[in-house]
Amino acid sequence: MLPVPDDCRISPLATADIAPLTALVREIWHQHYPGIITVKQIEYMLEQRYSPDTIRAEIESGAARWVKLLVNGELGGFASYAADDARRAVKFDKLYVHALFRGRGCGAALARHVEQAAGTLGYDKVYLQVNRNNFDSIAVYRRLGFEVIDRVKTDIGRGFYMDDYVMAKVVRGEA
Ligand SMILES: CC(C)(COP(=O)(O)OP(=O)(O)OC[C@H]1O[C@@H](n2cnc3c(N)ncnc32)[C@H](O)[C@@H]1OP(=O)(O)O)[C@@H](O)C(=O)NCCC(=O)NCCS
């Protein structure tokens, strides 16, 4: 396990962070996802999931919890998660670290944050979905202890699909 960098800080995402976050996620998606999904699908999914109104509504309603990663005071990544009472688990919905800050333990630190939050919420399981062709991130999740438990193909509208693996990890005792 990589040590958490001293200059890495994780804290709740505030309303004032939404504009910089949408710029960051746009940069990460256009750098990372071509070759995995089309540019049209990237634009569609950014609009669907990362509009300032969508993020604000999720934070204000508590539908999801968002945290930001600051590296030397600079916004370098983020994560979001939500309790899934039906599955008695936490859904790890988003995990992104800018390429400049990868490979130094920041993603693992965000994952640990979510796993500890799951314990606080009273759940011992965290699951996520990852595109089946997102090989690097699948490898990262495996390193973090997640295992593939299912495969789902979801119609997300306008002719686009998400073809994902579901990966899960038991986090009992990590809170
Ligand atoms: C996935 C992501 C968040 C990981 O963040 P990161 O800060 O680079 O991850 P870390 O440095 O904490 O590495 C975590 C573990 O994965 C390993 N790892 C990192 N990159 C890897 C890669 N490309 N292949 C295999 N293992 C990798 C690390 O060695 C570490 O394992 P270890 O502690 O046992 O040595 C980041 O790569 C990212 O934002 N990717 C693009 C966006 C994306 O696909 N997000 C997931 C959407 S579902």
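Position labels on residues start from 1 in each chain and follow its written sequence. Totals for whole chains, interfaces and linings use every residue, but because this is a predicted model, local features are given only for residues with pLDDT of at least 70 and side-chain atom pairs only at 80 or more, for both listing and counting. Here the side-chain values reflect all heavy atoms present in the structure, with hydrogen atoms and water set aside.

A. Region of interest: the site of the ligand. What makes a residue near a molecule or strand is one non-hydrogen atom of that residue sitting within 4 Å of it. Near the ligand, the surroundings consist of 23 residues, among which Gly-107, Ala-108, Asn-134, Ser-137 and Arg-143 are the closest. Leu-95 places a polar main-chain atom, nitrogen or oxygen, 2.9 Å from a nitrogen atom of the ligand. With respect to the ligand, the side chain of Ser-137 contributes an N or O atom lying 2.7 Å from an oxygen atom. For accessible areas, the Shrake-Rupley method is used with a probe of radius 1.4 Å. Any residue's cover is judged against the shown protein chains and nothing else. A total of 950 Å² of accessible area belongs to the ligand in isolation, and the protein chains cover 82% of it. For each structure, a 1 Å grid was placed over the protein atoms alone; sets of points admitting a 1.4 Å probe that cannot get out are labelled cavities, open sets with protein on both sides within 12 Å along at least five of seven lines are labelled pockets, and lining residues have an atom within 4 Å of a point. The way we define it, a molecule is inside a pocket or cavity when more than half of its atoms are within 2 Å of that pocket's grid points. Mapping the ligand onto the cavity grids shows that it belongs to the largest pocket. Sorting the residues of the shell around the ligand by element identifies β4 (89-97), α4 (106-121), β5 (125-131) and α5 (135-143) as the ones contributing at least two each. Here a strand is any run of E in DSSP of at least two residues, a helix any run of H or I of at least four, and the numbering for each starts at the N terminus. Sort the elements by how many residues they give to the shell around the ligand and α5 lands first, with 6 residues. Polar contact criterion, stated in full: a pair of N or O atoms within 3.5 Å, where within protein one must be able to donate a hydrogen and the other to accept it, and residues adjacent in sequence count only if both atoms are side-chain atoms.

B. Quick look at the pattern of salt bridges. In what follows, salt bridge is the name for a side-chain nitrogen of Lys or Arg lying within 4 Å of a carboxyl oxygen of Asp or Glu. Throughout the structure, instances matching the rule amount to 11 salt bridges. Between Arg-132 and Asp-163 there is a salt bridge, and its shortest N-O distance comes to 3.2 Å. Of the two residues, Arg-132 sits in the loop between β5 and α5 while Asp-163 sits in strand β7 (residues 160-170), which places them 31 residues apart along the sequence. On the accessibility criterion, Arg-132 (23% relative accessible area) is partly exposed. Here Asp-163 ties to Arg-151 by a salt bridge, and the two come within 3.5 Å at their closest N and O atoms. Within this pair, whereas Asp-163 is found in strand β7, its partner Arg-151 is found in strand β6 (residues 147-157), the two being separated by 12 residues in sequence. One connected set of salt bridges, linked through shared partners, spans Lys-91, Asp-93 and Lys-94. Categorising residues by exposure relies on relative accessible area from a 1.4 Å probe, with only protein chains included: less than 20% of the type maximum marks a residue as buried, more than 50% marks it as exposed, and the intermediate range marks it as partly exposed.

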